[in-house]
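Observations on the three-dimensional arrangement
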Amino acid sequence: MPVSLFRLNKQSWGEQLIEYLNKNSTVKPINVYNTMRHSKQYGLMYYKLDNHWNKKGAFFAANEVLKRINRDIPTVNILSYSNFIVKDSISRGGNIASMLSNTQLFTDSIFELTPKNGFKSADYQKVGYAVVPGFPYPWEYEFVREIPNSNKPKILIISDSFGGNFYPYISESFSRSVKIFDS
């Protein structure tokens, strides 16, 4: 946010929720806020014209999750940013621009992060889980990726729309990854 805007609270809503859960629940969330702030040295972590993190932001968030899982399951790899090639391009659109009916007026930076040796995980046949009735994006409901001949653990991810950019990086550390985009 620009410095001309004054924050009413020092913590975002997400940080307030994390603090609440840590104090009042057995659910222990993974806090990616500090990681995202520290990672700004690598460029934008969110799209300017969309309310989601971009692929750089998703990479650093996924890596924070992998670090937490690695504490319990050491065979889960933590990714290294230096092992990825970053390409950027310019795009028009984004959901915020769409809400303003100005998809052609503004441009945004689009980043692609690709492992230097290519992705180990590849798209795999879907199980065919039933889509929730009325779900607005049935084509995005289920994704499956596998690393052939891997003995790493498997993971099931239930995500919201932030999971799309997050998923390819997480799936690099598991033999089979299933992502459900749930409403």
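Residues numbered from 1 in each chain as written. Predicted model: local features only at pLDDT ≥ 70, side-chain atom pairs only at ≥ 80, totals over all residues. Heavy atoms only, no water.

Turning next to the sheet that holds strand β3 (residues 122-123). Across a sheet, strands are paired by hydrogen bonds formed along the backbone, either parallel or antiparallel in direction. Strand order across the open sheet formed by 4 strands is β3-β4-β6-β5, with mixed pairing between neighbours. The open sheet is flanked by β3 and β5 (154-159), the only strands paired with a single partner. Examined bridge by bridge, β3 and strand β4 (residues 142-146) share 2 bridges and lie antiparallel to one another. In the sheet register, D123 faces β4, and the bridge partner there is R145. Packed onto the sheet, helix α5 (residues 163-170) meets β4, β5 and β6 (176-181) and runs at close to 175° relative to β6. (Pairing = 2+ DSSP bridges. Helix = DSSP H or I, 4+ residues; strand = E, 2+ residues; numbered from the N terminus. Contact = heavy atoms within 4.5 Å. Axes fitted to C-alpha atoms, helices over the stretch in contact; angles between N-to-C directions.)

As a further point, take the pattern of salt bridges. In the structure shown here, the tally under the stated rule is 7 salt bridges. Across the salt bridge formed by E64 and K67, the nearest N and O atoms sit 3.8 Å from each other. Remark: K67 and E64 occur in helix α3 (residues 55-72); sequence separation between them is 3 residues, near one turn of the helix. Take E64: its relative accessible area is 19%, and that puts it in the buried class. On the accessibility criterion, K67 (39% relative accessible area) is partly exposed. Among the ionic pairs, D72 bridges to R68, the shortest N-O distance being 3.0 Å. With D72 and R68 both in helix α3, this residue pair falls 4 residues apart, about one helical turn. (Salt bridge = Lys/Arg side-chain N within 4 Å of Asp/Glu carboxyl O. Buried < 20%, exposed > 50% of the residue type's maximum accessible area, 1.4 Å probe, protein only.)

This part covers the nonpolar core. Ranked by size, the top nonpolar core spans 25 residues in total, and within it W53, F59, L113, F166, Y169, I170 and F174 carry the most contacts. Sorting the residues of this core by element identifies α3, β2 (107-115), β5 and α5 as the ones contributing at least two each. Per element, the largest residue contribution to this core is 8 residues, and it comes from α3. Once residues within four sequence positions are removed from consideration, Y169 is found in contact with K55, A58, F59, A62, L66, L79, F84, L113 and F119. (Core = buried A, V, L, I, M, F, W, Y, C linked by side-chain atoms within 4.5 Å.)

For α3, built from 18 residues, the straight-helix expectation of 26 Å at 1.5 Å per residue is met to within 8% by its first-to-last C-alpha distance of 26 Å. When α3 is considered as a whole, its buried residues turn out to be K56, G57, A58, F59, F60, A61, A62, N63, E64, V65, L66 and I69. Where α3 is buried, its residues meet α2 (33-38), β1 (84-92), β2, β5 and α5. (Expected span 1.5 Å × (residues − 1).)

If a residue is not glycine, its phi is most likely negative; likewise, a peptide bond is most likely trans. For N149, which is not glycine, the phi torsion reads 60° and is therefore positive. Residue classification places N149 among the exposed positions, given a relative accessible area of 84%.

Among the secondary structure elements, K179 is positioned in strand β6. Buried and without a salt bridge, K179 has E140 as its closest oppositely charged side chain, separated by 5.9 Å. Discounting residues that sit within four places of it in the chain, K179 has contacts with E140, Y141, E142, F143, I157, S159, G163, G164 and Y167. (Lys, Arg positive; Asp, Glu negative; His and termini not counted.)

This part takes up the packing of aromatic side chains. As enumerated under the stated definition, the model contains 16 aromatic pairs in all. For the pair F59 and F84, a centre-to-centre distance of 4.9 Å together with 65° between the ring planes defines the contact as edge-to-face. Of this pair, F59 sits in helix α3 while F84 sits in strand β1, placing them 25 residues apart in sequence. You'll find F59 and F84 in the same group, each marked buried. (Phe/Tyr/Trp six-rings, centres within 6.5 Å; stacked < 30°, edge-to-face > 60°.)

Mapped onto the elements, F111 comes out in strand β2. Each C-alpha atom of the pair F111 and L100 lies 23 Å from the other, and the pair is 11 residues apart in sequence. Contacts of F111, omitting those with residues within four sequence positions, involve L44, N54, K55, K56, V86, K87 and D88.

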